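Descriptive structure summary
The lines below spell out each chain.
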Amino acid sequence: MKRKKWLSLLSLMMVIALMITGCTTAEPVASEEPVVEEEIVVETVKIGAIFPLTGGAAATGVKLKYAVETAQEIINGEYPEIAFPMAENAGLENLDNAAIEFIFGDHQANPEIAKSETERLIQNEGVVGLVGCYHSSSTKPASATSERYMIPFVAGSSSSSALTERGLNYFVRIAPHDGMETEFFFEYLKNLNENYDADVKTVATVYIDNEYGVHANMMVDKWLEEVYGEEGFERILDVKYPSDASNVDTEVLKIKEAAPDIIFHASYINDMTMFANAYQLYEVQPKVVISYCGGFQDQQFLINLEDAANYYSGSNQTIPAIIAANEALSKANEIYKAKSGVDFDGPALEDFASAMVIAEAINMAGSTDGDAIMEVLKSEEFKAPYFATGKIKFGEDGQNEFSASAMTQIIGGEYQNVWPGEDTTSDPVVAFPDWSTR
Amino acid sequence: MEKSITNNKKMIGVVLLIILALPIIVQDNNFRHIMILFVLYAALGEAWNIITGYAGQTSFGHAAFFGIGAYTSTVLLWKFDIIPWIGMLIGGIIAVVVAIIVSYPAFKLTGHYFAIATLAIGEIMLQLFVSWEYVEGATGIMLPIKENGYKYMQFHPMNKLSYYYIVFGLFVITVITAYIVGNSKMGFYLKAIKENPDAAQSIGINVTRYKLYAMMVSAFLTAIVGSFYAQYVTYIDPFMVFPLALSMQIVLITVIGGLGNIYGPILGAAILIPLSQYTRIIFGGTGKGLDLIIFGALVVIVTIFQPNGLVGLFENLFKKIKKKEAINDGKLHDVS
């Protein structure tokens, strides 16, 4: 009997709850009283920042977080000595000097969590813009979600060109995409053949089996077929490895057997370190190893491998030598280094730029409205003294048209700028010296 | 004969009503998102329970069926503009076919070997889809944006409640199926097979056939939930829908909740999903992995103090209350 009573009581509670819900409306009820418009003073503008703060890429994700925090510190403080936009005065001038606050989310390198975090930041935290997510596979669903809410998304270091091929209206990207990077790589190789008698022709691609790696490999196919195949370059090997690989001996032995002149790597820091160790172990002797934006650009690569890191190369937005030559960037780097313990690397600078640009766009719009911010992002040219190009301008598809990288190579235990232009710090070194002599 | 709480239809109905009402009462989209995940994982646990909880065949590869469901409806929508409801059914049927093909030989294995075989099936599916260009391999598929409404299971701007109604409907289907299977002749056969397959065979039960039936039902239900997941997330890649971690999460939820019991997956999901989501929301942004530490510690505590699952705890409580009632009514003497 008692149980029946309990069940009846529970059922009654459910009915009451449902009735209350039915009576509740999410729409605001129009008041008959005249509405007195009050000027709303924005004290803090919230922006979401989603990175892989735990999981396999956590070490990189945390550095990107520090980069965004550095931008926040510069925007909210007064740094007249740093000649960057938004640095001189505290906060957003056109919004009554409102402060910027970056709210961080952790996507754990999981696209589903990236989507959930995007929704949470938009709905619960009330962010008016988003930056992130490093992994292209996470940026994809996160930016698709922000599109639905009409919230601008400025991607810093995600490189898959598919991201800017979706026709999204609320998405822009700072970093060069993998299509641009691949073309840049082949031009560099042509330069090596023409000016340094490198005689490099055969290519192997080594890539992780996710959006970033697979798409980079597709871009090699595309450029070989359309342009560089006719110029003598030939792909002789294609090595895809699993993202949770704990040993790459089999892959490296395949590469050793094929003996390519050039290896293109699309790998994160952990995999890149594993491959580099295995290349040394099995004495793999390519002439050139070039990395897409990822593991090589992380200074941890040099720390992990020390001398064995020499002669690897890759596209990069910055290296310590470039930072040292730029006074304002050096000062910003001091703030970043105090947090992270290392200098800015390419991805960190790109995510720093994404934070600076979205803050500047909000300031220029003088509003936190998504459409107003996007209007600025799509129409204005942003000063970016922290980049070699000095400016950022987003095209119709949202891609930064000035995202030109430098080719960098580790020589003598330091990242050197080897091509192109007059700002190079060293000549490139072609061919890995015999491992037994190193 | 007194029915146990697990077979009490009214009790099940009340529990379902409460689950249905919560996101209607609490008008917070983040809470609704967590409720969607809770119901989704509870449904997956119910489906897994049929093959493992009832039939005693431990499967560590249910992500394979989940992924098949997700990919089937997605590819049919993306390439042929077939509505996800039909894709969901086709996905379920394909999962059943795959379940038959892989389970029939696997059922010849017993104990740990069957579990290892299912583990391998999940991983094989993952590698197949990573390399399969027709379904975009590792780069995944972004679902095309279609008209708003139930027809395409798409709601713009994000209407969580509509998604919730759909997943709740699927959840009810899995609960009803689990109830029917558990209380049917087939359910008793499965329990007999679980207790002692040789004895079951000796009394005339076709052991392989009934295990196969259980696997087919389980695979179908898992696949339709996978289809819903793809529509909800709007982007899938093989690492999202075929990972070992997903199979393990289904196992963890059901084992912590209680095996072979309708309430087990519900309780397990009700604890683990909000726990994992809220710890991530609160601590995830710190970048120190605190959310994972707290989540892991709580899972260990529950496992240590309630190894038979949370359902066991409630059943013991229920029995104690019944005993007290009986003592008070004078039907039993208190001998303590």
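Residues numbered from 1 in each chain as written. Chains lettered and ligands numbered in written order. Predicted model: local features only at pLDDT ≥ 70, side-chain atom pairs only at ≥ 80, totals over all residues.

This part covers helix α5 (residues 112-131) of chain B. Residue and element names in this part refer to chain B. In this model, α5 (20 residues) spans 29 Å end to end at C-alpha, consistent with the 28 Å of a helix rising 1.5 Å per residue. If you check which residues of α5 are buried, you get Phe114, Thr118, Ile121, Gly122, Met125, Leu126, Phe129 and Val130. Turning to α5, the residues buried within the fold contact α3 (63-80), α4 (84-106), α10 (238-241) and α11 (244-257). (Helix = DSSP H or I, 4+ residues; strand = E, 2+ residues; numbered from the N terminus. Expected span 1.5 Å × (residues − 1). Buried ≥ 20, exposed ≤ 12 C-beta atoms within 10 Å, placed from the backbone. Contact = placed C-beta atoms within 7 Å.)

Residue and element names in this part refer to chain A. The sheet built from 5 strands is open, its strands ordered β2-β1-β3-β4-β5 with parallel pairing. One side of each edge strand has no neighbouring strand; the edge strands of this open sheet are β2 (99-106) and β5 (171-173). Pairs of neighbouring strands in the sheet enclose a mean axial angle of 25°, with direction left out of account. Contacting β1 (44-51), β3 (130-132), β4 (153-155) and β5, helix α4 (residues 136-148) runs over the sheet at an angle of about 160° to β4. (Pairing = 2+ DSSP bridges. Axes fitted to C-alpha atoms, helices over the stretch in contact; angles between N-to-C directions.)

Quick look at the packing of α11 of chain B against helix α12 (residues 263-283) of chain B now. For any two helices packed against each other, the geometry comes down to the angle between their axes and how far apart the axes lie. Residues and elements named next belong to chain B. Contact geometry for α11 and α12: axes closest at 7 Å, N-to-C directions at 110°. One element, α11, and the other, α12, form an angle in the roughly perpendicular class. When the axes of α11 and α12 are compared, the crossing they make is right-handed. Of the residues in α12, those in contact with Leu252, Ile253, Thr254, Ile256 and Gly257 of α11 are Tyr263, Gly264, Pro265, Ile266, Leu267, Gly268, Ala269, Ile271 and Leu272. Here the residues of the contact of α11 with α12 are counted per class, giving 10 nonpolar, 4 polar and no charged. (Parallel < 35°, antiparallel > 145°, perpendicular 65-115°, else oblique. Left-handed = near helix turned anticlockwise from the far one by under 90°. Nonpolar A, V, L, I, M, F, W, Y, C, P; charged D, E, K, R; others polar.)

Okay, unusual backbone geometry next. Residue and element names in this part refer to chain A. A cis geometry characterises the amide bond from Gly132 onward to Cys133, with omega recorded as -10°. In the segment running from Trp419 into Pro420, the intervening peptide bond is cis, with an omega of -5°. Mapped onto the elements of the fold, Pro420 is located in the segment after β14 (414-419). The backbone of Met86 shows a phi angle near 75°, a positive value even though the residue is not glycine.

All right, on to helix α7 (residues 185-195) of chain B then. Spacing of three or four residues puts side chains on the same side of an α-helix, whose turn is 3.6 residues. All names here are of chain B. Among the residues making up α7, those that are buried are Gly187, Tyr189, Leu190 and Ile193. An end-on view of α7 places all buried positions within 160° of arc, on one side of the element. Summarising the geometry of α7, the exposed residues directed more than 90 degrees from the buried face are Lys185 and Glu195. Residues of α7 that are buried sit in contact with α2 (29-54), α6 (160-183), α8 (197-202) and α9 (207-233). (Arc of directions from axis to C-beta.)

With that out of the way, let us pick up the nonpolar core. The biggest cluster of nonpolar side chains holds 226 residues, and the ones touching the most others in it are Phe352 of chain A together with Val39 and Val167 of chain B. If sequence neighbours within four positions are ignored, Val39 of chain B has contacts with Ile19, Val167, Phe168 and Phe171 of chain B. (Core = buried A, V, L, I, M, F, W, Y, C linked by C-beta atoms within 7 Å.)

A regular strand places its side chains on the two faces of the sheet in alternate fashion. Residue and element names in this part refer to chain A. Taken together, the 8 bridges between β1 and β2 define a ladder with parallel strand orientation. Along β2, the bridge assignment pairs Phe51 with Asp106. A crossover connection joins β1 to the parallel β2 through helix α2 (residues 58-76); in handedness this β-α-β unit is right-handed. (Right-handed = clockwise from strand over helix to strand, strands pointing away.)

Residue and element names in this part refer to chain A. Spatially, 7 strands are ordered β7-β6-β8-β9-β10-β13-β14 in an open sheet, and the strand pairing comes out mixed. The open sheet terminates on both sides in strands that have one partner only, identified here as β7 (234-241) and β14. Adjacent strand axes in the sheet meet at a mean angle of 25° when their direction is disregarded. As paired strands, strand β13 (residues 406-411) and β14 are joined by 5 bridges and run antiparallel to one another. Counted as the bridge partner of Met407 is Trp419 from β14. Where helix α6 (residues 211-228) meets the sheet, it contacts β6 (202-208), β7 and β8 (262-266), and its direction lies at approximately 160° from that of β6. On top of the sheet, helix α7 (residues 249-258) reaches β6, β7 and β8; it is set at about 170° to β7, its chief contact.

All names here are of chain B. Taken domain by domain, chain B comprises domain 1 (29-262) and domain 2 (306-336). One C-alpha centre belongs to domain 1, the other to domain 2; they are set 36 Å apart. Taken residue by residue, the interface counts 6 residues in domain 1 and 5 residues in domain 2. The residue inventory of the side of domain 1 that touches domain 2, partitioned by class, reads 3 nonpolar, 3 polar and no charged. (Domains from an automatic or database assignment.)

Here we take up the confidence of the model for chain A. Confidence in the prediction for chain A averages 87 pLDDT; 90% of positions are at 70 or higher. In this model, residues 6-37 of chain A is a region of pLDDT below 50 whose contacts with residues beyond four sequence positions or in other chains number 14 contacts. (pLDDT = per-residue confidence, 0-100.)

All names here are of chain A. Domain annotation for chain A reports domain 1 (44-177 + 324-393) and domain 2 (179-317 + 406-437). Centre-to-centre, using C-alpha coordinates, domain 1 lies 28 Å away from domain 2. Each side of the interface is counted separately: domain 1 has 25 residues, and domain 2 has 21 residues. For the side of domain 1 that touches domain 2, the elements supplying multiple residues, two or more each, are α2, α4 and α12 (346-365). A per-element tally of the side of domain 1 that touches domain 2 places α12 first, with 4 residues.

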